[in-house]
Amino acid sequence: MYDVLLKGARVVDPSQELDGCFDVAILGGRIAALLDPASTPLESAAAIRVVDVRGKIVVPGLIDFHVHVFPGVSHFGIDPDPTCLARGVTTVLDFGTAGGLIFDGFRQFVIDEAQTRVLALLHIAGQGLIGSVGSPPLLGELHDLRYCDLDTLERTYSKHRDVILGVKIRCTADLAEGGRNEAGGLEMARKGADLLNLPLVIHSPNSSLSIEHVLDRMKPGDVLTHCYHGKDCGLVDQKLKIPATIRDKLQSGVLLDVGHGFSSFNFSVARSLLDQEVLPDFISSDIHFYNLHGPVYDLLTTMDKFLHLGMPLAEVIRRTTQTPAKFLGRQDDLGTLKPGAIADITVLELQEGEFVLEDSEGNREIGRHRLDATHVFRSGRQIGVLPKPSPAVARA
């Protein structure tokens, strides 16, 4: 007798290369079985609760690889439960909102309290993510490199190593004394990541450094986020082509993250790079206070944009389940519907119509498909969903 049976779904699970009709059985908070409805006897599919999901798509619980969820402390922070979990995202990676000086509070008030599973990058600067709003922008976290203290970094990681997955730095001129501290900050972040034996994750838009300088300091398994922006220190030249030297550096094993955000995703750049077969490893929202009500809205809206750009559904799902789970070191129990895995499950409806999609530069295009979450399960327990907040119907 199963606890829950999701009946009649189209199951898309890239971790098993599955795309077909199955009943998904849950027992004890884990995936118990994927049953073929055509050949499974009724007595072998008994469940306390049966949920009819015919016409829907069942996928592993979505993972948003790039969020900022430290409300009340960081001005970027939002509550992960209504903005992520209730919108189909069961696991998030907070992208360095907290540094070592405030990480204890992040652990106590967010990671340990949220229903959403929250993992984190540790910012190289002890005070975490500050600046980058206002005109002129507020002082950024690299204004004084004395905050990039490796002792604090190491002490914080030793205490929270179960939830910290990498070291983060933002290389942007306005956040680093007009660029004067960028090179030094990057060197400190490299040393910190090596000290902890963790990946280094770099934000590069509008850096005074060259993209070659940034990539030269990256190792296989490190992550370059905001890979589809058209600003300084990006992957494309003025003709939106990727130079051969940069392509060669990416082939060394550097991973690419979308990190849509309010200023880091451009349709033209993304379309050009996809045409040049420069694909993201992770499709992520970079959702935070300043883009929650547009243009990001939620991870599903970012996924809609990649469907619009021609990426097959299974590959969009792969980049929001299997590949981030592998980075997190959780590929056996997250990002998969294999029997024995944690029963984090997202049920999606693929709608057809005309839907407004907007990038971070204000450019609008009309998409023909739209994903919406109809059911969410976190460790086998159903979570209430909230309506999709993004614009649904094309406007003149």
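Scroll up to find the structure.
About the thresholds
Residues numbered from 1 in each chain as written. Predicted model: local features only at pLDDT ≥ 70, side-chain atom pairs only at ≥ 80, totals over all residues. Heavy atoms only, no water. Helix = DSSP H or I, 4+ residues; strand = E, 2+ residues; numbered from the N terminus. Core = buried A, V, L, I, M, F, W, Y, C linked by side-chain atoms within 4.5 Å. Buried < 20%, exposed > 50% of the residue type's maximum accessible area, 1.4 Å probe, protein only. Contact = heavy atoms within 4.5 Å. Axes fitted to C-alpha atoms, helices over the stretch in contact; angles between N-to-C directions. Parallel < 35°, antiparallel > 145°, perpendicular 65-115°, else oblique. Nonpolar A, V, L, I, M, F, W, Y, C, P; charged D, E, K, R; others polar. Patch = residues over 30% accessible without salt bridge, like charges linked within 9 Å, V, L, I, M, F, W, Y side chains within 5 Å. Areas by Shrake-Rupley, 256 points an atom, 1.4 Å probe, with all protein chains shown as cover. Salt bridge = Lys/Arg side-chain N within 4 Å of Asp/Glu carboxyl O. Pairing = 2+ DSSP bridges. Polar contact = N/O pair within 3.5 Å; in protein donor to acceptor, adjacent residues only side chain to side chain.

*Asks:* If you had to explain unusual backbone geometry to someone new, which residues and values would you point to?
*Replies:* The omega angle of the peptide bond from Gly294 to Pro295 is 5°, so this bond is cis rather than trans. Relative to the helices and strands, Pro295 resides in the loop between α7 (267-275) and α8 (299-308). Backbone geometry at Asn206 places phi at a positive 60°, although glycine is not the residue there. Examined against the element boundaries, Asn206 turns out to sit in the loop between β10 (200-203) and α5 (211-216). In this structure, Ser379 is a non-glycine residue whose phi angle is positive, near 55°. Considering the arrangement of structural elements, one finds Ser379 in the loop between β14 (364-378) and β15 (381-383).

*Asks:* Please give an account of the nonpolar core that cites residues and values.
*Replies:* Among the nonpolar cores identified, the biggest contains 96 residues, and Phe106 and Phe306 are the most heavily contacted of them. The contact partners of Phe306, leaving out residues within four places of it in the chain, are Tyr228, Val258, Phe265, Leu274, Pro280, Ile283, Met311 and Val316. With 18 residues, the next largest nonpolar core counts Val4, Ile31, Leu34 and Phe377 among its residues.

*Asks:* Can you explain the packing of helix α2 (residues 103-111) against helix α3 (residues 150-160)? Please cite residues and give values.
*Replies:* At a minimum axis separation of 10 Å, α2 and α3 run at an interaxial angle of 25°. The angle between α2 and α3 falls in the class roughly parallel. Residue-level inspection shows Phe103, Asp104 and Arg107 of α2 in contact with α3, the latter providing Thr156, Lys159 and His160. Its residues assigned to classes, the contact of α2 with α3 shows one nonpolar, two polar and three charged.

*Asks:* An account of a nonpolar patch on the surface is requested, with residue identities and associated values reported.
*Replies:* Judged by side-chain polarity, Phe262, Phe289 and Tyr290 come together as a nonpolar surface patch covering roughly 280 Å² of accessible area. Structurally, Phe262 is set in the loop between β12 (255-256) and α7. The class of Phe262 is partly exposed, set by a relative accessible area of 30%.

*Asks:* Give a description of the sheet that holds strand β11 (residues 223-225) that names residues and reports values.
*Replies:* Strand order in the open sheet formed by seven strands is β6-β7-β8-β9-β10-β11-β12, with parallel pairing between adjacent strands. The two strands at the open ends of the sheet, each matched to only one other strand, are β6 (62-67) and β12. Where β11 meets β12, two bridges bridge the pair, whose relative direction is parallel. Considered in β12, the bridge of Leu224 is made with Leu256. Taken strand by strand, α2 contacts β7 (89-99), β8 (117-123) and β9 (164-170), and its axis lies near 170° from that of β8. Relative to β6, α8 is tilted by about 95°, and along the sheet it contacts β6 and β7.

*Asks:* Residue-level account of the environment of Arg319, with values.
*Replies:* Along the polypeptide, Arg319 turns up in the loop between α9 (313-318) and α10 (322-327). For the pair Arg319 and Gly166, spaced 153 residues apart in the sequence, the C-alpha separation amounts to 19 Å. Setting aside residues no more than four positions away along its own chain, Arg319 makes contact with Leu279, Pro280, Asp281, Phe282, Ile283, Met311 and Pro324. Separated by 2.8 Å, the side chains of Arg319 and Glu315 make a polar contact.

Any functional reading would require information that these geometric values do not contain.
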